Structures are given as structure tokens and as C-alpha cells.
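# A closer look at the structure
Spelled out, the chains give:
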Amino acid sequence: MVDDGGVGNDDGGAGGDDAGAGDADGGAGGDDGGTGSDGGLTAPDAGVFEPTQGEWDSTMIIPGFGGDGARVTTIVKGDNGDIYVGGLFTAVNGAPALNVARWDGDQWHALGDGLDGMVMSLALGPDGALYAGGELVVDGLTGTAVAKWDGSTWTYLPGEFTMTDWPVSIRSLLFDGNRLYVTGAFEAIDGGTAAGVAVLDEGIWVPLARGQPIIGNSLLRNTGGDICVGGMFESIDGVTANNVACLNGQTWTSLGPPPPQTENDPPQGLPGEVRVLRQGPDGAYYAGGYFVFMLDPNAGIYRVGLARLENNVWVPWAGGVDGGFINVVRALEFDGAGRAYVGGCFASVGEGGDVVLSPYVAYRENNAWQTMGTGLANRLGFFLGEVIGAHAVLPEPDGTAWIGGIFSEADGIPVQNLVRWGGASFEPVKAAAQEFNGVNGLLNVVAPDREGGLLVGGWFNGVAGVRATNIAHRRADGTWEPLADGLNSTVRAILRAANGDIYAGGEFYESGDAQVSFLARYRAGAWEAVGALLDGQVTALAEGPDGTIYVGGDFLAAGATGLNRVARLENDTLVAMHDGFDGRVTSLLVKSDGALFAGGLFQSSGARTVRGVAEWKGGQWEQVGSGLNGAEYDYASTLALIGGELLVGGSFDEIDGQSLPGMAVWDGAAWHNLGGGVSSANGGLVLVTSAYEYRGGAFVTGIFDQAGSVPASFVAYWDGANWHALDEGLNDLAESLVVSGDSLWVGGPFTGAGGRPCHGIARWVMEPAQ
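Residues numbered from 1 in each chain as written. Predicted model: local features only at pLDDT ≥ 70, side-chain atom pairs only at ≥ 80, totals over all residues. Heavy atoms only, no water.

### Brief notes about the pairing of strand 17 (residues 179-185)
Along any regular strand, the residues point their side chains to alternate faces of the sheet. Cut-off, in case you're wondering: Relative accessibility thresholds used throughout: buried, under 20% of the residue-type maximum; exposed, over 50%; partly exposed, between the two (1.4 Å probe, protein chains only). By the criteria applied, helices consist of DSSP H or I runs no shorter than four residues and strands consist of E runs no shorter than two, each listed in order from the N terminus. The criterion for strand pairing is that DSSP finds at least two bridges linking the strands in question.
Buried residues dominate strand 17, accounting for 6 of its 7 residues. Direction of pairing for strand 16 (residues 169-176) relative to strand 17: antiparallel, over a ladder of 7 bridges. By the bridge assignment, Ser-172 is partnered in strand 17 with Thr-183. The antiparallel pairing of strand 16 with strand 17 creates a hairpin that spans 2 residues between the two strands, and Gly-177 there sits at a positive phi of about 70°. By the bridge criterion, 4 bridges tie strand 17 to strand 20 (residues 197-201) in an arrangement that is antiparallel. Following the sheet pairing, Val-182 is matched in strand 20 by Ala-198.

Printed below as a string of C-alpha cells:
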């Protein structure tokens, strides 16, 4: 994830520029502050707390399952009502749990030390034990075994699964009496051929197919006692069968029509990968997966992802799913009361008058599709349709259901990868007293509100369980609130002006019915446009001591007025500042004497060279010292003051011939570092995205693992003489930081702080100074 925020791109650091933009937004930490004393705005009680002594708040999470690449892939229910969940995760509701966990109706429990590797299938055996398969790692080998939990200990069943040209995985488990059937991606067990499907009978693995291995995804025992498999294959055990087949005794047969004899005969099996195979209460076979029925290729009429076997021919069922670049059904379950639940990656289900918008999950009752709130959405981690959305559904007879997958909200409620449908609405699965203060999305900017509170902006739908669209306010009393309808796309800069108005910049263009392209002002409980509409995003905001608002970003004009990426606001009109810049402005800073500085990805202002950092003097922009005179695509992402001197953070290696990676200080005559500056191991990328002055020193964040001679992971504090780590720091890039009250607040794409999980936001709670 570090690379996502880094520079390293040939196009000039669009990646790093984005990171810088996040901070310029974030630069609000430093540059919002220019209205007070040199060094910036501080909280009313600043100086009372000790920056280096504290702890990371463990409640900055959203309920559910977290970790790098986290997802829930399988859910089963025990005879006693306990719910077992498997997937790829390291924590549930903030507590450690490795890839498998149990809900007892009141709280979550880890199952011992968990399992190493993704769990793809769970099954409860007749002995009451829990069995798990997937891409489990045993003795350094992936996918080689089935695990068993007897209530206190994990053991592995005998038998080593192997495959030559495909990662080994066990994707579905099924008990039929005492026999355990497995399918997945494997070609041998203990060296003997077993082409993707096998049974454990009286402790001995018996292959059920040989020859070309199949990729099996789903097992089913039909009402006649046959074992059926769905997956990705053209034949099984030498029998032609496209993606679905059943085993009757020792004989495999295709589940569908016989092999076609003419071009007009229906194709055998299903036209694509089957992810789930089920038999409905009507006795018919149903399939979900990644397949397409082309009903009229010339007219572009097709049906996707859902099929039913009728008169021994597979046909599209109930209109299929649609509405996304990748449409796939991964879960299809019947609840015994006539309802059919589907989950996957899609925006809508049905056809004609039966189409409903219900992203990622829906159910069918009385021959009609029903929405489940506004469905699911994902604003964390993965954004590829092949993996996001619902992966598992466990319906209950009372009309409720458990849904797992990769998502960060359900009907606007922040949840991570697991949610419970209560029959009319979604609800997180958590202990009643547990507190969750995370963000279901990404914060690009955190800024003080001048009253001991906090303003946050980015791309999200909620904070601490409160629905808010891309911008929110934390009052001084600790409660969160939305700001009207919010803003309809990413917020990259926030400024609380001295008169109480709130300005926001970013990529948005609407708030409710109001058009507010790229720059908006919150006043009297509503967002409004400021001056003529801009033609590009705003990434930096600052206020001068006289109340003048300064705006920087990627824009070139406001209406018919040319601006070139920087402007000041006069009587609600955006006014050009001489020649502006030839590249993005990512940060602005105003000192208490009115001196204005700009940082960004620019090389010149008109005919004047101003590389990366500039000062407004005599009605034009002038270079600060020698500027960022290293590589062509060096840029500044944040500006702050420390001891009255200008701190510049960004992506650069040297200034004026000095090695000053990522951060440098201008004392008015020369550039210098802070105690050796920050660095990354083995000469890796160094990027400072945000800095904020506090108690004569400064908090800084970005990409680094050392500050001076002190190991410091992505965040550190300079006390004026020495660097300090903040416990274990962060586990990845941060975009912005600011101090409000007793806390350092950090926003960004990291997922851990102090060794604890967090989502979008972290809080370092400082101890009172002695």
C-alpha cells in the first residue's frame, strides 16, 4: 500500500502528487494554522500534554473483520447456534483472530491461534468438530491439508494435497454421514492422482476423479444422494461436463443436456465458471457464478450469473445480475421458507419490471426480487469487482441472514466484511458495549475547528457510526456530526476560517441540489458555491491574518477568469495571483505577519523559476532559496512552521546540493535538516506528507522508518533537539495529521497504529505534561 501513495511514477509523481494532495489537504494542519502566532493554530489547551507519552486509541475501527486483504469467505452455524466465520483476516472487532472466529451470541472468540492461510470453506462434522479448508499453510506449504478444531486444539487431517501448475486450494467441504468430500484445486493426494475431488472414508483419501484436474468451487449432495460439483472444467474423470457434474456411485454424468450433436443443440453444462451449486426447495438445481447466456448477440441481450436447470437444460434464472464491469454470483442460498438469497459483485438483479437495485446482495420471495436496504458498498482496500462484494450468505429460517465478503458498509452503516440482515435492516455484529470510532473509507485531511474539535475530509460515508458524506465534524465533546448533505466526491482540503465559516476543497461538484464545483463554503447549516465555478480540483486552503482566503490546486480558471492553480478570495470573487504556477499547488501557509508560501509540483511562475516552493512578494511569486533543485519531479506536499522557520515536506532527495530527503527547513538564509531528518531502510522512498507544530517541535508523517537515529514507523515527533517514535507508529502511509485537545489525529490509508487495527483514522492520546 505504500506504493499507492508514493511517487516513483514517470509521469511526475501522480501517485506522490496524490499523496501530497492528500496532505495539502493535510497541509491544512500547518497552513490552516497561519492565522495565529507563527507556527500555526493550536488547540486551546495546547502545551498541557506531553507529545511523546501516550497510547494509540484502540477504538478507531469499524465492526467486523480486518487485516491486509481482509475478507469473509464462508459462514456456518453450529447445532448450539454458534456462528463460525472463515476467511482472510487478523482481527475481529479489534481483537486478534487469525482467519477463523466464533460468535456465541454475545461476543467473538478466536479459535486458538487460528489458521495460517485463507480459509475458503468450513463444515461441521458429525463428531461436532469444525473442519476448515482453503489455502492453508502447513510447514511452509500452501493449501496442503484440511484442519480440524475439536473445541480446544487445531490438528490437520492426514493427506498432503499437491498441484503442479496452480496454487493448491480446498474450496468446498461436505459431510455425507461420516464421509468428508472435498473439492478445489489439486491433482494429487500423497502422490496419488486425485483430480480436484476426493472423499475421506474411514481415514483414507479416495480420489473421485483422475486425469485432467478440475477446479472445483462447490459441493452438493442432492436429494437422491448423489454428490454434485460445480466449478471450472470441461470434463471430469474423462466425461464431458461443462462446469457442473454429479457422481452416482462410480459414474460421473454431466448435469445438463447430453453432448450437442448439431449446432442447434443446447450446450452441455453451463457457459462459464460455477461458483455455487444448490438444489432449491422445489427440487430444481440452481447455479451462481461467472457465466453469461447470450440470448441475442446481435441485439446485445444477455443474462448473467444465475441459472436454473429446467427440463435438463440450463437457462437463465430470474433475470440474472447486472450493473457492473464484472458481474458474478458467489453465494446462492435458500432459507427453507421460500426465500432465495444471492450475493456477489453486481448492482442490480432481475429483468423487466422485476429489476431492483440492491448492490452485492438481494433476496427473492414470492417470485419477486427484494432489496436489502441500499445494499452493500466498499470504500476500503480492494476495488476490483473480481473480489469485492458478498462471498458468503447464511440465511436463518426467521428471515434474517448473515452476509460476509469484502465491503465496508451496509445500507450506509460502517461494517467491515460481515453484517447481519435483521429482516428489515442491517446491523453490525458486536458486543453491546463496544465502541467503534473508525472511518468506512479514506481520510485525506484532518484539521482543527478552532474550538477544540476536529474536521475530517476524504472519501467515506461515515465516521464512528455516524453517516456523513466525505466530510464530518467532531465536536469538542467528542460527538460526531455530518455537515448537511456533505459533498459528493473526495474532499482534499478543509479550513475553518476565523469567522466560523468552513471551506472545503476537493474533487466534488455537488452538495445535495447545490452545485459547488471543487470549492465550497459551509455557512448557516448548508454548503454553497464560492464565486464562479472552478474548472479543477482544490487541494490547499489557507487564511491570512486579515481574513483573506487563499486557494490552491489544479484549476486553471474560475468562470472566465484565468487563475493558474492559485487564487485569493476577494468579496466572494476568486482573483488571480499574478502568473500563478505551471503545476499543482498542494499546500499553502500564511505566517502571522502575512507572509504567504506555496508548495507543490510546479517549476515556474510565468518566466520565473520557482521549483516546488515559493513566497508571495511584491505582487509576484518568488523562489524560496534555491527551491527544490534535485530531480525533475521533486515536489512539496506540506508546509508548516517550526520555531518561526519554514518546514517543507514532500518527495525530494536534495536541496542546493545538500542531502535532505523528504524534509527540509528554511531559516531565511539557508536550508537545513532536523536532527538528521527522516529516512527509509536500504535507501527506499522517503516522503513527508504532513507536519504540524506542537510545543516548540513538530509531528511529521509520511513514508519513512527512521527519524534521526530513532526507528520510527511512518510517524514521529521532533522536540526541538531529538526525534521520538510514537510507540510502534503506523503500519503504512498517512496523509494528514493535526493536534486537537489532548490528541494527535492522523488520517490516511494505513490499517494499524501501535500494533492495533484502525480504519482510516488514528488517535494518539497524550498524557498530561508533568
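From this point, the discussion proceeds with the structure in view.
### A short note on the confidence of the model for the chain
Predicted coordinates in areas of low pLDDT are best not read in detail. For clarity, the cut-off: Confidence of the predictor at the level of single residues is captured by pLDDT, which takes values from 0 to 100. Note on definitions: a residue-residue contact is assigned when non-hydrogen atoms from the two residues lie within 4.5 Å.
Confidence in the prediction of the chain, expressed as mean pLDDT, is 90, and 93% of residues score 70 or more. Contacts of residues 1-46 to residues separated by more than four positions or lying in other chains number 142 contacts, the stretch itself having pLDDT below 50.

### Regarding the sheet that holds strand 30 (residues 301-310)
Here is the rule we go by: Only C-alpha atoms enter the line fits that serve as axes; for helices the fit covers just the stretch in contact. Angles between N-to-C directions range over 0 to 180 degrees.
Overall, antiparallel pairing links the 4 strands, which are arranged 28-29-30-31 in an open sheet. Looking along the sheet, the strands with just one partner apiece sit at the ends: strand 28 (272-279) and strand 31 (313-316). Along the sheet, successive strands turn relative to each other by an average axial angle of 45°, direction set aside. By the bridge criterion, 7 bridges tie strand 29 (residues 285-296) to strand 30 in an arrangement that is antiparallel. Across the sheet, Met-294 pairs through a bridge with Tyr-302, a residue of strand 30.

### What to know about the environment of Ile-703
With respect to the helices, strands and loops of the structure, Ile-703 is situated in strand 77 (residues 697-703). Taking the C-alpha atoms as reference points, Ile-703 and Ser-679, 24 residues apart in sequence, are found 8.3 Å from one another.

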